[in-house]
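# Coordinates in review
So the chains spell out like this:
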Amino acid sequence: MSDVKLKITDRDGNIHNIKAPVDMSMNLMEIIRSYELAPEGTIGVCGGMAMCASCQCYITSNHKLPLMEDEEEAMLSEALNVTEKSRLGCQIIITKDLEGLECEIAPEE
Amino acid sequence: MIKTDILIIGAGPTGLFTVFEAGLLKLRCHLIDALPQPGGQCSEIYPKKPIYDIPAYPEILAGDLTKKLLEQIKQFEPSYTLGERAEEIIKDKEGMFTVTTNKGTKHQAPVVAIAGGLGSFEPRKPQLDNLAKYEEKGVEYIIKDPEIYRNKKVVIAGGGDSALDWSIFLANINADVHLVHRRNEFRGALDSVEKVKELKNQNKINIITPAEVIELKGNKKLNSVVVSHNEGKKEIKVDHFIPLFGLSPKLGPIANWGLDIEKNAIKVDTYDYQTNIPGIFAIGDINTYPGKLKLILCGFHEATLMCQSAYKIINPGKKYILKYTTVSGIDGFDGSRKEAPKSVVQAINE
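Residues numbered from 1 in each chain as written. Chains lettered and ligands numbered in written order. Predicted model: local features only at pLDDT ≥ 70, side-chain atom pairs only at ≥ 80, totals over all residues.

### Quick word on the overall build of chain B
- The helix and strand tally for chain B stands at 8 helices and 25 strands.
- The C-alpha extent of chain B, read off along each of the three principal axes, is 100 × 60 × 40 Å.
- Nonlocal contacts in chain B, meaning residues at least 24 apart in sequence, comprise 61% of its contacts between residues at least 6 apart. (Helix = DSSP H or I, 4+ residues; strand = E, 2+ residues; numbered from the N terminus. Contact = placed C-beta atoms within 7 Å.)

Structure (structure tokens):
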């Protein structure tokens, strides 16, 4: 199967059940942008280099996620509205292990 | 007053390449950038990262791309206003634009090209009531003159390199430093982390973690901050509160220039990337149009087309036709000339 199902809550609290391809090397931030779940210019501003925090998400399901690299940790230690569930969407590559992942897009800074 | 033909706002790759295309049309350029050096994101954010989609460069570091662009435009003698942010634009009756920076430098040109990328990088501000009230009255996001903190009580918030580095620096000039961070661990260069630990052990830096500044108190100026941490709330008397939470890109004052904005970008006509205000163009990552892709190579294309229209605005009625650099060579404003070597032809005499 080349898609996984994700449940994404946008910044207005609306829930979106979407399909994300696993064979396009896309990350969570890009999936959110491709479905236009957050306005352009308010997400993925740095292009996905973990250099802004505009794609911060709260991962609310118990999926095993790739470990944070230094750049993501550093950004999340400076960003606003950070909780223990915070991750940068741009650092989470969509794989079949993410089937059923649930997340909320963090508020805009 | 700095006068030029095309005033370029933003000295990233698109802005720099504009100088080249304008130069071919004998148009001079001046660039304004809020950052202290040219290159935009390529030199400020990711100079050591490779780019793989610049045509004919299988791989080039962003910093090297900047260097090569600077080399390519050198003969067109661009001038710069660096470390200043374009703040205000006024168009006079003759259609001439005057752009003033935050430091008051004035620039005049018949054509303005906004190549501002993500916008200007502004300090990320904590969400605190009354924050604006105390800005420059005890709250500073950027340390301009470290000397003003000598022997003063300072609370620094943040957990990255800049929070660590400034804590060390200010502790060393006898400031009474409290470093407040939301997490227990700090992430910074190994040296800085070690140094902060050492200063903490010498009681020269007071570290409060995991904690957050939640309230600012004062009258005309900041007097104290309230910090929330494990053991409850604590009020700390301060002279200065310095939140150091990194930088975040903002469209900034350009958003108030009367330009059509869509999706946090400037709407343009794809004929020549002109905005709704004739004479103001927007090129590179800062513009939007149907099908827009934020790629450096698209910025180069947009800059090239834009310069053709700029020529017509600056030289109304003056004929020109596109020439190829291989055929015509390049005449720099510095008197230099580059051209293809002539091939040597010789007849065989028998």
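### Side note on the overall build of chain A
- What chain A contains, in helices and strands, is 2 helices and 5 strands.
- Secondary structure elements of chain A, listed N to C terminal, follow the sequence β-β-α-β-α-β-β.

### Focus on the pairing of strand E3 (residues 56–59) of chain A
- Pairing analysis gives 3 bridges linking E3(A) to strand E4 (residues 86–88) of chain A, with the strands arranged antiparallel. Each residue of the ladder has a partner; that of Cys57(A), found in E4(A), is Arg87(A). (Pairing = 2+ DSSP bridges.)

### Some details on the confidence of the model for chain B
- Across chain B, pLDDT averages 93, with 100% of residues at or above 70.
- Across the interface, the model reports ipTM at 0.82; the global pTM reads 0.82. (pLDDT = per-residue confidence, 0-100.)

### So, the sheet that holds strand E8 (residues 97–101) of chain B
Residue and element names in this part refer to chain B.
- The sheet built from 4 strands is open, its strands ordered E1-E9-E8-E7 with mixed pairing. Both outer strands of the open sheet, strand E1 (2–3) and strand E7 (86–91), are each paired with one neighbouring strand and no more.
- Note that E7 and E8 share 5 bridges and pair antiparallel. Across the sheet, Ile-89 pairs through a bridge with Val-99, a residue of E8.

### Considering the interface of chain A and chain B
- On the side of chain B, 19 residues touch chain A, which itself brings 15 residues to the contact.
- Tallied by class, residues from the side of chain A that touches chain B come to 8 nonpolar, 3 polar and 4 charged. (Nonpolar A, V, L, I, M, F, W, Y, C, P; charged D, E, K, R; others polar.)

### Re the domain arrangement of chain B
- What the domain assignment reports for chain B is domain 1 (2–121 + 248–338) and domain 2 (131–245).
- A C-alpha centroid distance of 39 Å is found between domain 1 of chain B and domain 2 of chain B. (Domains from an automatic or database assignment.)

### Things to note about the packing of helix H5 (residues 161–172) of chain B against helix H6 (residues 190–201) of chain B
Residue and element names in this part refer to chain B.
- Following both chains from N to C, one finds H5 and H6 inclined at 45°, their axes separated by 10 Å at the closest point. In terms of orientation, H5 and H6 fall into the oblique class. Classified by chirality, the crossing of H6 by H5 is left-handed. Here Asp-161, Leu-164, Asp-165, Ser-167, Ile-168 and Ala-171 of H5 lie close against H6, whose contacting residues are Ser-192, Val-193, Lys-195, Val-196 and Leu-199. (Axes fitted to C-alpha atoms, helices over the stretch in contact; angles between N-to-C directions. Parallel < 35°, antiparallel > 145°, perpendicular 65-115°, else oblique. Left-handed = near helix turned anticlockwise from the far one by under 90°.)

### Digging into the sheet that holds strand E15 (residues 211–218) of chain B
All names here are of chain B.
- The strand order E15-E16-E17 describes an open sheet built from 3 strands, whose pairing is antiparallel. Because the sheet does not close on itself, it has two edges, and the strands there are E15 and strand E17 (232–237). With strand direction ignored, the average angle separating the axes of adjacent strands in the sheet is 25°.
- Of the strand pairs in this sheet, strand E16 (residues 222–229) and E17 are connected by 6 bridges, and their pairing is antiparallel. Of the residues in E17, the one forming a bridge with His-229 is Gly-232.

### Observations concerning the nonpolar core
Residues and elements named next belong to chain B.
- Residues Ile-6, Val-112, Ala-113 and Ile-114 are the most contacted members of the largest nonpolar core, which totals 49 residues.
- Of all the elements, helix H7 (residues 296–314) adds the most residues to this core, at 7 residues.
- Other than its neighbours up to four places away in sequence, Val-112 contacts Leu-7, Ile-9, Ile-89, Phe-97, Val-99, Gly-279 and Ile-280. (Core = buried A, V, L, I, M, F, W, Y, C linked by C-beta atoms within 7 Å. Buried ≥ 20, exposed ≤ 12 C-beta atoms within 10 Å, placed from the backbone.)

### Points about the pairing of strand E13 (residues 176–180) of chain B
All names here are of chain B.
- Taking burial as the measure, the 5 residues of E13 include 4 buried ones, the bulk of the element.
- With 5 bridges connecting them, strand E12 (residues 153–157) and E13 associate as parallel partners. The partner of Val-155 across the bridge, within E13, is His-178.
- Read as a crossover between parallel neighbours, the route from E12 over H5 to E13 is right-handed.
- Two elements, E13 and strand E14 (residues 205–208), share 4 bridges in a ladder whose sense is parallel. Paired with Val-177 across the strands is Ile-205, a residue of E14.
- Read from E13 through H6 to E14, the crossover connection turns out right-handed. (Right-handed = clockwise from strand over helix to strand, strands pointing away.)

### Examining the packing of helix H1 (residues 13–24) of chain B against helix H3 (residues 62–73) of chain B
All names here are of chain B.
- One can describe the packing of H1 onto H3 by two numbers: an axis separation of 9 Å at closest approach and a directional angle of 20°. One way to sum up the angle between H1 and H3 is to call them roughly parallel. H3 is crossed by H1, and the crossing has left-handed handedness. Counted together, Pro-13, Leu-16, Phe-17, Val-19, Phe-20 and Gly-23 of H1 and Leu-65, Leu-69, Leu-70, Gln-72 and Ile-73 of H3 form the full contact between these two elements.
- Tallied by class, the residues present in the contact of H1 with H3 amount to 9 nonpolar, 2 polar and no charged.

### What about the environment of Asn172(B)?
- Topologically, Asn172(B) is positioned in helix H5.
- Each C-alpha atom, one on Asn172(B) and one on Lys204(B), is 8.2 Å from the other, the two residues being 32 residues apart in sequence.

### Description of unusual backbone geometry
Residues and elements named next belong to chain B.
- Here the bond from Thr-209 into Pro-210 is cis, since omega is -20°, no more than 30 degrees from zero.
- Relative to the elements of secondary structure, Pro-210 occurs in the loop between E14 and E15.
- Positive phi outside glycine occurs at Lys-26, with the angle close to 65°.
- Classification of Lys-26 as partly exposed rests on a count of 14 C-beta atoms within 10 Å.
- Even without a glycine there, the phi angle at Asn-174 is positive, about 65°.
- Looking at the secondary structure, you find Asn-174 in the loop between H5 and E13.
- Given 12 C-beta atoms within 10 Å, Asn-174 falls into the exposed group.

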